[in-house]
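Close look at the chain arrangement
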Amino acid sequence: MPSSPASPGPDLDSAFAALGDPVRRALVTRLARSDATVGQLAEPFDLTPQAISHHVGVLRRCGLVEQRREGTRRPCRLRVDQLALLGTWIDEQRRTWNDRLDALEQHLTGDGAAQ
């Protein structure tokens, strides 16, 4: 269920799609430790800073990363609050399915005892 344009949270579809890429997941993992510039983010990869900048742009557009200006530097920062919204959605789905599985187990156990 995508967020409306006025909502402050990430669009779930675009955020999960962005996290479907292993490079972007690695960038999120790296940014969870501390802010970093695109050049710093590019260091462990066999990718150009321009390619990393593209990946950062995808993460920015879906609301998981922001960049700010510090003189000539543009450090990236993970928006942990927005990442937490994805975790909340996953937790809600997990609770729903656990409840459904518990109800099924009770139904099956009740049916077996009646026979």
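These figures come from a predicted structure and were not determined experimentally. (Residues numbered from 1 in each chain as written. Predicted model: local features only at pLDDT ≥ 70, side-chain atom pairs only at ≥ 80, totals over all residues. Heavy atoms only, no water.)

1. A word on a positive patch on the surface
- A surface patch of positive charge is lined by Arg60, Arg61, Arg69 and Arg74.
- Judged by its relative accessible area of 64%, arginine 69 is exposed. (Patch = residues over 30% accessible without salt bridge, like charges linked within 9 Å, V, L, I, M, F, W, Y side chains within 5 Å. Areas by Shrake-Rupley, 256 points an atom, 1.4 Å probe, with all protein chains shown as cover. Salt bridge = Lys/Arg side-chain N within 4 Å of Asp/Glu carboxyl O. Lys, Arg positive; Asp, Glu negative; His and termini not counted. Charge placed at Lys NZ, Arg CZ, Asp CG, Glu CD. Buried < 20%, exposed > 50% of the residue type's maximum accessible area, 1.4 Å probe, protein only.)

2. Re helix α2 (residues 22-33)
- With 12 residues, α2 should cover 16 Å at 1.5 Å per step; its first-to-last C-alpha distance of 17 Å lies within 8% of that length.
- Residues Val23, Arg24, Leu27, Val28 and Leu31 constitute the buried set of α2. When α2 is viewed along its axis, its buried side chains cluster within an angular range of 140 degrees and face the same direction. Seen from the open side of α2, the exposed residues pointing more than 90 degrees away from its buried face are Pro22, Thr29, Ala32 and Arg33. (Helix = DSSP H or I, 4+ residues; strand = E, 2+ residues; numbered from the N terminus. Expected span 1.5 Å × (residues − 1). Arc of directions from axis to C-beta.)

3. Description of the confidence of the model for the chain
- Taken residue by residue, the chain gives an average pLDDT of 86. The fraction at 70 or more is 87%.
- Segment residues 1-8: pLDDT under 50, and eight contacts once partners within four positions in sequence are set aside and those in other chains are kept. (pLDDT = per-residue confidence, 0-100. Contact = heavy atoms within 4.5 Å.)

4. Structural notes on the pattern of salt bridges
- Using the criterion set out here, one finds six salt bridges in the structure.
- Among the salt bridges present, the one from arginine 79 reaches glutamate 66, with a minimum N-O distance of 4.0 Å. Taken together, the residues span a long stretch of sequence, with arginine 79 in the loop between β2 (76-78) and α5 (80-114) and glutamate 66 in strand β1 (residues 65-67) at a distance of 13 residues.
- Arginine 79 sits in the partly exposed class, given a relative accessible area of 22%.
- Of the charged contacts, one joins arginine 68 and glutamate 70 as a salt bridge, the two residues approaching to 3.0 Å between their closest N and O atoms.
- Members of the salt-bridge network, linked through shared partners, are Asp35, Arg68, Glu70 and Arg73.

5. Quick look at the nonpolar core
- Ranked by internal contacts, the top residues of the largest apolar core, which has 22 residues, are Leu41, Ile52, Val56 and Leu59.
- Breaking this core down by element, the ones donating at least two residues are α1 (12-19), α2, α3 (38-42), α4 (49-61) and β2.
- Setting aside residues up to four positions removed in sequence, valine 56 forms contacts with Leu27, Val38, Leu41, Val65, Gln67 and Cys76. (Core = buried A, V, L, I, M, F, W, Y, C linked by side-chain atoms within 4.5 Å.)

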